[in-house]
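Analysis of the macromolecular model
These are the residues of each chain, in order.
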Amino acid sequence: MGDDSGGSHALGSEEELQQLLSYVTPTDTTRGLFLNGVLEVVRQLGDESTVRRCLEESGEKQFLDLFSYPLGTLLRMSYTGARLLSSDSRDFNEVMRQMGYLSARNFADSTMGRVMLRLVVGQPRRLLDTLPMAYRMNTTAGECTVRWTGHTNAVIRFTRDFLPHAYTEGSLQGSFEIAKVPGLTVRARPLARLDTEFELSWA
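Numbers given for residues are sequential positions, taken from 1 along each chain in its written order. Owing to the predicted nature of the model, reporting of local features is limited to residues with pLDDT of at least 70; listing and counting of side-chain atom pairs is limited to 80 or more, with chain, interface and lining totals taken over all residues. To get the side-chain values, take all heavy atoms of the structure and skip hydrogens and water.

**Some details on the nonpolar core**
To keep things clear, this is the line we draw: What is meant by a nonpolar core is a set of buried Ala, Val, Leu, Ile, Met, Phe, Trp, Tyr and Cys residues, joined one to another through side-chain atoms within 4.5 Å. The rule is simple: take the accessible area with a 1.4 Å probe, protein chains only, and divide by the maximum for that residue type; under 20% is buried, over 50% is exposed, in between is partly exposed. Two residues form a contact once any of their heavy atoms are found within 4.5 Å.
Core analysis: the biggest nonpolar cluster contains 37 residues, and Leu-75, Met-96 and Met-99 have the highest contact counts within it. Residues within four places of Met-99 in sequence aside, it is in contact with Val-38, Val-41, Val-42, Ser-78, Gly-81, Ala-82 and Tyr-167. By size, the runner-up hydrophobic cluster in this structure holds 17 residues, among which are Leu-128, Ala-154, Ala-179 and Leu-184.

**Some words on the packing of helix α5 (residues 92-109) against helix α6 (residues 111-120)**
Rules: Helix axes are fitted to C-alpha atoms over the stretch in contact, other axes to C-alpha atoms as well, and angles between N-to-C directions run from 0 to 180 degrees. Helix and strand assignments come from DSSP, with helices taken as H or I runs of at least 4 residues and strands as E runs of at least 2, each series counted from the N terminus. In these notes the angle categories are as follows: under 35 degrees is roughly parallel, over 145 is roughly antiparallel, 65 to 115 is roughly perpendicular, and the rest is oblique. When residues are sorted by character, Ala, Val, Leu, Ile, Met, Phe, Trp, Tyr, Cys and Pro go into the nonpolar class, Asp, Glu, Lys and Arg into the charged class, and all the rest, Gly among them, into the polar class.
Relative to each other, α5 and α6 sit at 85 degrees, their axes nearing to 4 Å. One finds that α5 runs roughly perpendicular with respect to α6. Between α5, through Phe-107, Ala-108 and Asp-109, and α6, the contact on the second element is made entirely by Thr-111, Met-112, Gly-113, Arg-114 and Met-116. Broken down by class, the residue content of the contact of α5 with α6 amounts to four nonpolar, two polar and two charged.

**Description of the pattern of salt bridges**
Side chains that differ in sign of charge can pair as their charged atoms come close. Keep this limit in mind: Think of a salt bridge as a Lys or Arg side-chain nitrogen and an Asp or Glu carboxyl oxygen that are within 4 Å of each other.
A complete count under the given rule lists nine salt bridges for this structure. Arg-189 serves as the salt-bridge partner of Glu-199, at 3.6 Å between the closest nitrogen and oxygen. With a gap of ten residues between them, Glu-199 in strand β6 (residues 195-201) and Arg-189 in strand β5 (residues 185-192) connect regions that are remote in the sequence. Here the salt bridges do not stand alone but share partners, grouping Arg-147, Arg-187, Arg-189, Glu-197 and Glu-199 into one network.

**Remarks on the packing of aromatic side chains**
Note the threshold: Note on ring pairs: Phe, Tyr and Trp rings are taken, using the six-membered ring of Trp, and paired if centres are within 6.5 Å. Classes follow the plane angle, with under 30 degrees stacked, over 60 edge-to-face and the rest tilted. Placement of a charge over a ring requires the Lys NZ or Arg CZ to be within 6 Å of the ring centre, with the centre-to-atom vector within 35 degrees of the ring normal.
Applying the stated criterion across every chain yields a total of six aromatic pairs. Considering the side-chain rings of Trp-148 and Trp-202, the 5.9 Å spacing of their centres and the 85 degrees angle between planes classify their relative orientation as edge-to-face. On the criterion of sequence distance, the pair formed by Trp-148 in strand β3 (residues 143-150) and Trp-202 in the segment after β6 is long-range, its members being 54 residues apart. Owing to a relative accessible area of 7%, Trp-202 belongs among the buried residues under this scheme. By the ring-pair criterion, three or more aromatic residues cluster together here, those being Tyr-135, Phe-158 and Phe-198. The side chain of Arg-125 reaches across the aromatic face of Trp-148, ending 3.9 Å from its centre.

**Quick notes on the pairing of strand β4 (residues 153-159)**
Under the convention used in this document: Any two strands between which DSSP finds at least two bridges are classified as paired.
Examined bridge by bridge, β3 and β4 share seven bridges and lie antiparallel to one another. When the sheet's bridge partners are listed, Trp-148 is paired in β4 with Ala-154. Sheet analysis places β4 next to β6, joined by six bridges and oriented antiparallel. Along β6, the bridge assignment pairs Arg-157 with Glu-197.

Structure representation (structure tokens):
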């Protein structure tokens, strides 16, 4: 997920976005359900003109949940939406967090997600043990690994992860809520520009 400071670039800036896009390769893809999650948050917090702006960035009219799309499209759309929806009461990170949260819920509503959800409800260890597989099912970029540090503690490491930390924090919060595991806290620890560890604990 990279360093939220963006190196010398401000979080959410056009310079940060362009730097991230420069790291994306043609083989980096993501599922349409995450792009639809961005549009849903934009529609809820903004209006149809904001949705149109995001779609203009993508060059698409709609997204099919289980189809694969360029990861750069998700970056451009999420940054555009988060910038347009940022305000004094709701900053860029908060919008990104909501986008990540809704992405987890969208995955849980998909055919793949429903199958996995039946296996992990109320069982945080199973939830986290299946996370690397779920990650691989939904993106071709990077890798996700889980390391257990206690009975109610774990560390998740993402490599070549492009979105701001808040997006992943929101996604993890959504995943734990769906699995009915309460009291999650998440702390991001950047390792490199696109590599981050997230320290998790729960009730």
